[in-house]
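# Architecture and fold: a report
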Amino acid sequence: MNAFRDAVNSVEEVDWLARSPDEFRCAVQADLFDGAIAIDLQASDVRGGPNARQARHNSDRITIQICDRGSLHVEQQASAFDVAPGHAAIVRNDLEGHTTYLDDARVQFLFIDRTLVRPLLKSDWSRSALHISAATPSLRLLRSWLASRADVELSSDQNLRALYVQHTADLVAMILGPHSDAEALLEGRGIKAARLKAVINAIRHNAARQELSAELVGRSLGISERYVRVLLEETGKTFSEHLTEERLLHARRLLNAPHLANHTIAEIAMMSGFSDISHFNRSFRRRFGDTPSGVRRQF
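Cut-offs and rules
Residues numbered from 1 in each chain as written. Predicted model: local features only at pLDDT ≥ 70, side-chain atom pairs only at ≥ 80, totals over all residues. Heavy atoms only, no water. Helix = DSSP H or I, 4+ residues; strand = E, 2+ residues; numbered from the N terminus. Expected span 1.5 Å × (residues − 1). Buried < 20%, exposed > 50% of the residue type's maximum accessible area, 1.4 Å probe, protein only. Contact = heavy atoms within 4.5 Å. Core = buried A, V, L, I, M, F, W, Y, C linked by side-chain atoms within 4.5 Å. Pairing = 2+ DSSP bridges. Salt bridge = Lys/Arg side-chain N within 4 Å of Asp/Glu carboxyl O. Phe/Tyr/Trp six-rings, centres within 6.5 Å; stacked < 30°, edge-to-face > 60°.

Let us now look at helix H8 (residues 190-206). The terminal C-alpha atoms of H8, which comprises 17 residues, lie 24 Å apart, in line with the 24 Å expected from a rise of 1.5 Å per residue. If you check which residues of H8 are buried, you get Gly-190, Ile-191, Ala-194, Leu-196, Ala-198, Val-199, Ile-200, Asn-201, Ala-202 and Ile-203. Of the surrounding elements, those touching the buried residues of H8 are helix H4 (137-147), helix H6 (158-176), helix H7 (180-188), helix H9 (214-221), helix H10 (225-233) and helix H11 (239-255).

Ile-64, Leu-110 and Leu-142 are the most contacted members of the largest nonpolar core, which totals 33 residues. Elements that contribute at least two residues to this core include exactly strand E5 (61-76), strand E7 (88-92), strand E8 (97-113), strand E9 (130-132), H4, H6, H7 and H8. If one sorts the elements of this core by residue count, H6 sits on top with 8 residues. In contact with Ile-64, other than residues within four places in its own chain, are Ala-88, Ala-89, Ile-90, Gln-108, Phe-109, Leu-110, Leu-142 and Val-172. In this structure, Met-1, Tyr-101, Ala-105 and Val-107 belong to the second largest nonpolar core, which totals 25 residues.

Turning to the environment of Glu-96, a few remarks are in order. One can find Glu-96 in the loop between E7 and E8. Spatially, the C-alpha atoms of Glu-96 and Ser-128 are 9.5 Å apart, while their sequence positions differ by 32 residues. Those residues within four positions of Glu-96 in sequence are excluded, and the remaining contacts are Pro-50, Asn-51, Ala-52, Ala-55, Gln-76 and Gln-77.

What follows concerns the pairing of strand E1 (residues 15-18). Of the two faces of E1, the one lined by Trp-16 and Ala-18 is fully buried and the one lined by Asp-15 and Leu-17 carries no buried residue. Sheet analysis places E1 next to strand E4 (residues 46-49), joined by 4 bridges and oriented antiparallel. Directly across from Ala-18, in E4, lies its bridge partner Val-46.

The tally for this structure, following the rule as stated, stands at 16 salt bridges. Among the ionic pairs, Arg-195 bridges to Glu-187, the shortest N-O distance being 3.0 Å. The class of Glu-187 is partly exposed, set by a relative accessible area of 28%. Residue Arg-287 pairs with Glu-245 through a salt bridge whose shortest N-O separation is 2.8 Å. Here Arg-287 is found in helix H13 (residues 277-288), whereas its partner Glu-245 is found in helix H11, with 42 residues between them in sequence. On the basis of relative accessible area, Arg-287 is assigned to the partly exposed category, the value being 38%.

Glancing now at the packing of aromatic side chains. For any pair of aromatic rings, the description rests on two quantities: the centre-to-centre distance and the angle between the ring planes. According to the stated counting rule, one finds 10 aromatic pairs in the structure shown. Between the aromatic rings of Phe-280 and Phe-284, the centroid separation amounts to 5.6 Å while the plane-to-plane angle is 55°, which identifies the pairing as tilted. Of this pair, Phe-280 and Phe-284 are both found in helix H13, 4 residues apart, which corresponds to roughly one turn of the helix. Each member of the pair, Phe-280 together with Phe-284, is buried. Chaining the aromatic ring pairs together yields one cluster made of Phe-4, Trp-16, Phe-24, Tyr-101, Phe-109 and Phe-111.

A positive phi angle, near 60°, is found at Asp-103, a position not held by glycine. Tracing the backbone shows Asp-103 in strand E8. For Asp-103, a relative accessible area of 55% corresponds to the exposed category. One non-glycine residue, Asp-104, lies in the positive phi region at around 55°.

Here Gln-166 is to be found in helix H6. For Gln-166, a relative accessible area of 31% corresponds to the partly exposed category. On a C-alpha basis, the gap between Gln-166 and Ile-265 in space is 46 Å, while along the polypeptide they are 99 residues apart.

Below is the structure:
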């Protein structure tokens, strides 16, 4: 428990209490950016929150807690509510309060400077903790956006890191409510970037489904098929090209998997989302410079 306090308080000062501190178990991963900190926390039967001194020290930040598993109970000022998986709480760091993590909770934290968000808002956020529904489109985009941060955090490109933080602030502002002038700006900036990332992730994670289409991807993300194709234009590749690429990469992984060594090439093609074996063979050779059988023999 002491090691956990030291690790987390190195980035954000919070009081932490565990029901059984000698048996406390947790997993923490933190990614630090200028103006934002993203943390993945997995723990149970632990409570955290700023005391009066810490609230003054942390006054320039707000915290978003997105529940991925288990449950949270949030109390701050007059607010008290539970947070189920998929839902989130936005907490003011300049007010005393606490959150209790239950049922082997897994939580995505985002600490972000209020100065990045305040100019975009319709009105300065003056209330205590807020409950954000899982059905909120901007929250769904933020969850997907935070999941893609690993490559950015490791990058030495300061412009890329700054752009990532800016787009993150855009998503937070959309959740809290932007003013009318900012709304169009955010739609063309952070929201657009997050939607493009969500489209690419949806193609990657569902490529093996033979029925996958731009219409299905759009429907799952709450946007039109046409907008899916417009977003992908910025990548220089069409929806079909993205889909074929992901299916070919998936097929190569399956060809190299020892537990699938007895499966035929046709079966591997079908498992990767291809319905035409001839098209699969031609596309595979064009992409990797060898046939599927030739790639399999190398392993």
